[in-house]
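Chain residues, written in single-letter form:
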Amino acid sequence: INLLIASVLAWFRDRTDFFVGGNMFVYYSLQQARNRDYRGPDFFFVQDVNLHPVRRYWVSWEENGRLPDVIVELLSPTTEREDRTTKRDLYERTFHTRNYFLYDPATGQLDGYELANGHYVPLQPNAQGRLWSSVLGLWVGTWQGEYLRETATWLRFYDENGQVVGVREELAEQLAAEEHNRADTEHRRADKEQRRADVAEAELARLRALLAQQALAPGTDKPAS
């Protein structure tokens, strides 16, 4: 959940017209609040709202009626049935959430839906098994690697070109690597220029010595004493 949130914050780092959250309650009606009928998507994204202030929960009637445009649920044996039935119906009919994704970390199965004419239509995976989020403009798929010092298979976002969306730490490491590569390239270029200058200086010295030898060779005029 934290990796997905961090990825969105990094991807939209120049924007403040959205909110991204996870594992927090979403209140969509006063009756629901009174009945303590809590709903807490694992990950959700709301567009066309203010990023700040930080919310502890999402109250739709305090946000001009806005509800999540993207939801991701991470399945478990105890939640899968509800995520695929009760919650799906709620997100489809009440929230009108445009993109709904379900991922099972145990099996690696990823499912997704696009809201079309009020009903969810299954998304078709690309060649890499990723699903397109029309709201985020990003692919959703799995990634094998290390995050927070734990190597595992993670659910991540990818850009249109198939490049994984990096979080702040990864972007900083990438920038540092690029700076190191630029410095290394500049150092190699400077070494090459110095070697070229050394070769040119050596050749000039050789030519000078040759001319001096020719000037002193028999049959040539000796330098005046």
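Residues numbered from 1 in each chain as written. Predicted model: local features only at pLDDT ≥ 70, side-chain atom pairs only at ≥ 80, totals over all residues. Heavy atoms only, no water.

Before going further, it helps to examine the environment of Asp 111. Of note, Asp 111 is situated in strand β7 (residues 110-116). In the structure, Asp 111 is positioned 14 residues away from Pro 125 in sequence and 8.8 Å away in space, judged by C-alpha atoms. Setting aside anything within four residues of it in sequence, one finds Asp 111 in contact with Arg 84, Tyr 100, Phe 101, Leu 102 and Leu 131. Looking at Asp 111, its side chain comes within polar contact range of the side chain of Gln 109, at 2.9 Å. (Helix = DSSP H or I, 4+ residues; strand = E, 2+ residues; numbered from the N terminus. Contact = heavy atoms within 4.5 Å. Polar contact = N/O pair within 3.5 Å; in protein donor to acceptor, adjacent residues only side chain to side chain.)

One finds Val 8, Phe 43, Phe 45 and Phe 157 to be the most contacted residues of the largest nonpolar core, which totals 23 residues. In terms of residue count, the dominant contributor to this core is helix α1 (residues 2-11) (three residues). If you look at the next biggest cluster of nonpolar residues, it comprises 18 residues, including Leu 67, Ile 71, Tyr 91 and Leu 115. (Core = buried A, V, L, I, M, F, W, Y, C linked by side-chain atoms within 4.5 Å. Buried < 20%, exposed > 50% of the residue type's maximum accessible area, 1.4 Å probe, protein only.)

We now examine the sheet that holds strand β11 (residues 150-158). The antiparallel open sheet is built from three strands, whose spatial order is β9-β10-β11. Looking along the sheet, the strands with just one partner apiece sit at the ends: β9 (131-133) and β11. For this sheet, the mean inter-axis angle between neighbouring strands, taken without regard to orientation, is 45 degrees. Looking at chain direction, strand β10 (residues 138-147) and β11 are connected through nine bridges and run antiparallel. The partner of Thr 142 across the bridge, within β11, is Leu 155. (Pairing = 2+ DSSP bridges. Axes fitted to C-alpha atoms, helices over the stretch in contact; angles between N-to-C directions.)

A cis geometry characterises the amide bond from His 52 onward to Pro 53, with omega recorded as 5 degrees. Although it is not a glycine, Asn 23 adopts a positive phi angle of roughly 55 degrees. Looking at where Asn 23 falls in the secondary structure, it is placed in the loop between β1 (18-21) and β2 (26-27). Classification of Asn 23 by relative accessible area gives exposed; the value is 60%.

Function cannot be inferred from these measures alone, as they are strictly geometric.
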